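# Observations on chain architecture
Residue strings, one per chain:
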Amino acid sequence: MPYIPFYSVCPQTAMEETKAITIQDTNNEFGLPQGQYYFTELFCDECDCRRVLLQVYLGQEIVATIGYGWDKLSFYKKEFLVLGEKEIISFKGPSLDIYQTQSKSSNKIFNMYKKLLFSDKGYLDRIEKHYLQFRKVLEHYT
């Protein structure tokens, strides 16, 4: 499943709607370094897996990759029969993506994501909207 950046397919929307969290305080509740954390969306261009990979950048470095699948667990069990139970469960809801390299800060970034973004229904709805926009553009070219 090759995931490609949303901005490569829908650059204008991505430029206007990519989420960023700025950490200004050196002594913050997440224990993260100061800076701007960008949550760049990637979607699969081969299947309708109904999930996003969020590559989190601090500067030019990817510091975490979070997977988020919004469909029911039964969908992922049916769609990914060849995977083990643990892998399938990781596709539903948010998790640090088990197939991507993570940094020493990944768990802290994941905790920040869960507290500030995963609790934001508007943000989660926007990810699904981006996914549908992404799929529509791909269908146009295939």
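Refer to the structure presented above.
What you are looking at is a predicted structure, and each value in this text was computed from that prediction instead of being measured. (Residues numbered from 1 in each chain as written. Predicted model: local features only at pLDDT ≥ 70, side-chain atom pairs only at ≥ 80, totals over all residues. Heavy atoms only, no water.)

## Points about the side chain of E41
Considering the arrangement of structural elements, one finds E41 in strand 3 (residues 35-44). Among the polar contacts listed, one links the side chain of E41 to the side chain of H130, at a separation of 2.7 Å. Beyond its immediate stretch of four places on either side in the chain, E41 contacts I4, P5, F6, V52, L53, L54, I127 and H130. (Helix = DSSP H or I, 4+ residues; strand = E, 2+ residues; numbered from the N terminus. Polar contact = N/O pair within 3.5 Å; in protein donor to acceptor, adjacent residues only side chain to side chain. Contact = heavy atoms within 4.5 Å.)

## Quick notes on the nonpolar core
One finds Y37, F39, M112 and Y113 to be the most contacted residues of the largest nonpolar core, which totals 31 residues. Residue assignment for this core shows that the elements contributing at least two residues are helix 1 (6-9), strand 2 (19-23), strand 3, strand 4 (51-58), strand 5 (61-69), helix 5 (106-116) and helix 6 (121-141). Apart from residues no more than four positions distant in its own chain, M112 is found in contact with I21, I23, F30, L32, Y37, F39 and L117. Listed in part, the 11 residues of the second largest apolar core include L42, C47, Y76 and F91. (Core = buried A, V, L, I, M, F, W, Y, C linked by side-chain atoms within 4.5 Å. Buried < 20%, exposed > 50% of the residue type's maximum accessible area, 1.4 Å probe, protein only.)

## A few points about helix 6
Over its 21 residues, helix 6 extends 31 Å from the first C-alpha to the last, a length consistent with the 30 Å expected when each residue adds 1.5 Å. All of the buried residues along helix 6 are Y123, L124, I127, H130, Y131, F134, R135 and L138. For helix 6, the arc enclosing every buried residue in end-on projection is 135°, short of the 170-degree limit, so these residues lie on one face. Exposed residues pointing more than 90 degrees away from the buried face of helix 6 are listed as K121, L132, K136, E139 and H140. (Expected span 1.5 Å × (residues − 1). Arc of directions from axis to C-beta.)

## Quick word on the side chain of N28
Summarising the element assignment, N28 is placed in the loop between strand 2 and strand 3. Among the polar contacts made by the side chain of N28, one reaches the main-chain carbonyl oxygen of D25 at a distance of 3.0 Å.

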